2 protein chains.
Amino acid sequence: MLQLARCDQQAIDLAKAKRVQKWQRDPEGMRLRILEAAKQEFATHGLAGARVDRIAANAGANKRMLYYHVGNKEDLYLAVLEGAYEKIRSEERGLDLEHLDPPEAIERLIDFTWNYFLRNPEFLALLNTENLAKARHLKRSTKVKSMHSPFVEMIRTVVTRGVESGDFRVAVDPVQLYISIAALCFFYLSNSATLSVIFGRDLLKKEARDERLAHMVALVLAALTGKSTADFAKPATPGVRPPAHQPV
Amino acid sequence: MLQLARCDQQAIDLAKAKRVQKWQRDPEGMRLRILEAAKQEFATHGLAGARVDRIAANAGANKRMLYYHVGNKEDLYLAVLEGAYEKIRSEERGLDLEHLDPPEAIERLIDFTWNYFLRNPEFLALLNTENLAKARHLKRSTKVKSMHSPFVEMIRTVVTRGVESGDFRVAVDPVQLYISIAALCFFYLSNSATLSVIFGRDLLKKEARDERLAHMVALVLAALTGKSTADFAKPATPGVRPPAHQPV
DNA sequence: CGGGAAATTAACCTGTTGGATAAATACTGG
DNA sequence: CCAGTATTTATCCAACAGGTTAATTTCCCG
């Protein structure tokens, strides 16, 4: 079933052998494929909507393998969630804001958050699913709780530097600012489906995405620096404006 | 089963009658109770996680009644979703921003959005559920698509007035601004469960909520007016700051 | 007051789903 | 090369969940 190509290859190589090998062992690979399939499944259908059989099928595995390598449905879900947090934390650590001008650092931060969410839509869906469950699984995960994001401290440093240098007018609370930046990016992308229907236009197309990023950067920087960017003044599509907008 | 109290009353009143009435007819009431129970169920468990039997039980109804009065599970869900949009649109229309100073109007708008989400947590959950479904149901609902929110036009007017009066420095795109305001409120509340675990503190307690509202108002107004509010400068809990924060 | 429509109940049916059992097959160390 | 263990497959199952059928009860109107 799995890795047929390799099996076929072996079939040729070992044509004289008594019998063709039906499958190969690959515990680590199997585990990875299971977790990847599970991530997609949970992100697409949520926890309750996810189907164990579908995960197995998409992993190219027998259903029994899920229970053998990871555990039951909830174990699987938690493993996926932990993996998702691990991944973003890892990428966050790669972001170096120390050597940048404070305004540039904030822009970089927004840019990273935005693009990470764009590149990893499953992460958004998983967080929503976990919040529907009132973080029931996260609470039990010492693993995730110990994965501190470097962003809040990064922001604290940047804001302090910005105030000292005169770039920023105010020492905003780094936790609030981080939540706000995440919020601006997260909501737009996570709710793009309903928002697109309500507004009657595709909020995920290139131009819309660019416009959104510019707006977010301009909004936050204007608040911090007191100076308004050119982008912040520019309305959506100058001249060509849809007759009626309907939010939320 | 339903309205036992009234049945008991009748049992006393009509003691001489041949037999006690087992139940009363109440189509409208029944429909409302079904939709209310369905709303809670879908908000708590999502579409896939919702249980038709539980909805019936919580509505004090026989399961057959759901199908008789509304339809199957998906019909039920769509009815709930449409009801949710109807409700928020109705309250939105009650908000009069025309006679307020532009900055005051924006503050009022944020305040309303924040408190509406606080008072109606099911609305947040329903939107998330619908977005998980890629707005599949919303797309088929001409009802919702015709329910235009008055907010974008309100914002457009307020922003124009603000720029003319000199209160605002820039003519921000009303659609972007509306999404941003919704985002700041929505994300914080919708993700409060995971965020609370990650940050190790209750983001829904009174002080945290007040602090958040102040931050959002300050952020948006600072960006629009160019003047910073006192609130915006004040860090979270002066002096008493948790050692490590971890965003997202 | 009685007959018929509307509303409600009780019981049932069938496909699905998470999970379990046990047998088969591949690999590894001796 | 063989024995024992790790990995994988095939099959089964009991509980559940959405939905349906048919009988029962209430109410309204002529």
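The structure contained in this document is the topic of the report that follows. (Residues numbered from 1 in each chain as written. Chains lettered and ligands numbered in written order. Predicted model: local features only at pLDDT ≥ 70, side-chain atom pairs only at ≥ 80, totals over all residues. Heavy atoms only, no water.)

Some points on the pattern of salt bridges
Next, step 1: Within this structure, the stated rule accounts for 24 salt bridges over all chains.
Next, step 2: Across the pair Glu82(B) and Lys143(B) runs a salt bridge whose closest N-O atoms are separated by 4.0 Å. On the criterion of sequence distance, the pair formed by Glu82(B) in helix α5 (residues 73-93) and Lys143(B) in helix α9 (residues 142-145) is long-range, its members being 61 residues apart.
Next, step 3: Look at Lys143(B) and you get partly exposed, because its relative accessible area is 42%.
Next, step 4: Note that Lys206(B) and Asp210(B) form a salt bridge whose closest N and O atoms lie 2.6 Å from each other. Of this pair, Lys206(B) and Asp210(B) both sit in helix α13 (residues 206-225), four residues apart, which is roughly one turn of the helix.
Next, step 5: Each of Glu36(A), Lys39(A) and Glu122(A) takes part in a single network of salt bridges with overlapping partners. (Salt bridge = Lys/Arg side-chain N within 4 Å of Asp/Glu carboxyl O. Helix = DSSP H or I, 4+ residues; strand = E, 2+ residues; numbered from the N terminus. Buried < 20%, exposed > 50% of the residue type's maximum accessible area, 1.4 Å probe, protein only.)

A few points about the protein's contact with DNA strand D
Next, step 1: Inspection of the region around DNA strand D gives 27 residues, with Arg25(A), His69(A), Lys22(B), Arg25(B) and Lys63(B) positioned closest.
Next, step 2: Each atom of DNA strand D within 4 Å of the protein belongs either to a base or to sugar and phosphate, the latter forming 57%.
Next, step 3: Here a phosphate oxygen of DNA strand D sits 3.0 Å away from a polar atom, N or O, in the main chain of Val52(B).
Next, step 4: Of all the secondary structure elements, the ones that give two or more residues to the surface near DNA strand D are α2 (27-49) and α4 (63-69) of chain A together with α3 (52-58) and α4 (63-69) of chain B.
Next, step 5: Among the elements that make up the surface near DNA strand D, the one with the highest residue count is α4(A) (four residues).
Next, step 6: Partitioned by chemical class, the residues of the surface near DNA strand D number eleven nonpolar, six polar and ten charged. (Near = heavy atom within 4 Å. Polar contact = N/O pair within 3.5 Å; in protein donor to acceptor, adjacent residues only side chain to side chain. Nonpolar A, V, L, I, M, F, W, Y, C, P; charged D, E, K, R; others polar.)

Comments concerning the interface of chain B and chain A
Next, step 1: Taken residue by residue, the interface counts 76 residues in chain B and 77 residues in chain A.
Next, step 2: Roughly 6300 Å² of surface becomes buried between chain B and chain A when both sides are summed, with 67% attributable to carbon and sulfur atoms.
Next, step 3: In this structure, the connection of chain B to chain A is made through zero salt bridges.
Next, step 4: The tally of links from chain B across to chain A stands at 14 residue pairs in polar contact (both at pLDDT 80 or more). (Contact = heavy atoms within 4.5 Å. Buried area = accessible area lost by both parts, 1.4 Å probe.)

Considerations on the protein's contact with DNA strand C
Next, step 1: Not every one of the 26 residues close to DNA strand C is listed here, only the nearest: Lys22(A), Arg25(A), Arg51(A), Lys63(A) and Arg25(B).
Next, step 2: Within 4 Å of the protein, the contacting atoms of DNA strand C are 58% sugar and phosphate, with bases supplying the remainder.
Next, step 3: Between DNA strand C and Ala50(A), the relevant distance is 3.0 Å, taken from a phosphate oxygen to a main-chain nitrogen or oxygen of the residue.
Next, step 4: Interatomic distance of 2.7 Å between a side-chain N/O atom of Arg51(A) and a phosphate oxygen of DNA strand C.
Next, step 5: For the surface near DNA strand C, the element with the most residues is α4(B), which contributes four residues.
Next, step 6: Its residues assigned to classes, the surface near DNA strand C shows ten nonpolar, six polar and ten charged.

Notes on unusual backbone geometry
Residues and elements named next belong to chain A.
Next, step 1: Residue Lys134 is not a glycine yet carries a positive backbone phi of 55°.
Next, step 2: The topology assignment puts Lys134 in the loop between α7 (121-132) and α8 (136-140).
Next, step 3: We classify Lys134 as exposed; its relative accessible area is 60%.
Next, step 4: With a phi close to 60°, Ala135 is a non-glycine residue in the positive phi region.
Next, step 5: In this fold, Ala135 is placed in the loop between α7 and α8.
Next, step 6: Overall, Ala135 belongs to the buried group, its relative accessible area being 0%.

Some points on the relation of the copies chain B and chain A
Next, step 1: Once chain B has been moved 0.0 Å along the axis and rotated by 180°, it coincides with chain A to within an RMSD of 0.0 Å. The superposition operator between the copies reduces to a two-fold rotation axis. Minimal C-alpha distance to the rotation axis in chain B is attained by Ala223(B), lying at 2.0 Å.
Next, step 2: In this assembly the copies share their binding face: 100% of the residues contributing to the interface of chain B also contribute to that of chain A. (Least-squares fit on C-alpha atoms with pLDDT ≥ 70 in both.)

As for a negative patch on the surface
Residues and elements named next belong to chain A.
Next, step 1: Residues Asp101, Glu104, Glu107 and Asp111 make up a contiguous surface patch of negative charge.
Next, step 2: When you line up the elements, Asp111 lands in helix α6 (residues 102-119).
Next, step 3: With relative accessibility at 32%, the residue Asp111 sits in the partly exposed group. (Patch = residues over 30% accessible without salt bridge, like charges linked within 9 Å, V, L, I, M, F, W, Y side chains within 5 Å. Areas by Shrake-Rupley, 256 points an atom, 1.4 Å probe, with all protein chains shown as cover. Lys, Arg positive; Asp, Glu negative; His and termini not counted. Charge placed at Lys NZ, Arg CZ, Asp CG, Glu CD.)

Overview of the packing of aromatic side chains
Describing an aromatic ring pair means giving the distance of the ring centres and the angle of the ring planes.
Next, step 1: The full count for this structure, using the stated rule, is 20 aromatic pairs over all chains.
Next, step 2: Summarising the aromatic geometry, the rings of Phe112(B) and Phe151(B) are spaced 5.7 Å apart at their centres and angled 80° between planes, so their arrangement reads as edge-to-face. Taken together, the residues Phe112(B) in helix α6 (residues 102-119) and Phe151(B) in helix α10 (residues 151-165) connect sequence positions 39 residues apart. An identical accessibility class is assigned to Phe112(B) and Phe151(B); each is buried.
Next, step 3: Every member of this aromatic cluster is reached through a ring pair, and the members are Tyr85(A), Phe112(A), Tyr116(A), Phe117(A), Phe123(A), Phe151(A), Tyr178(A), Phe186(A) and Phe187(B).
Next, step 4: In this structure, Arg201(A) packs its charged tip against the face of Phe199(A), placed 6.0 Å from the ring centre. (Phe/Tyr/Trp six-rings, centres within 6.5 Å; stacked < 30°, edge-to-face > 60°. Lys NZ or Arg CZ within 6 Å of the ring centre and 35° of its normal.)

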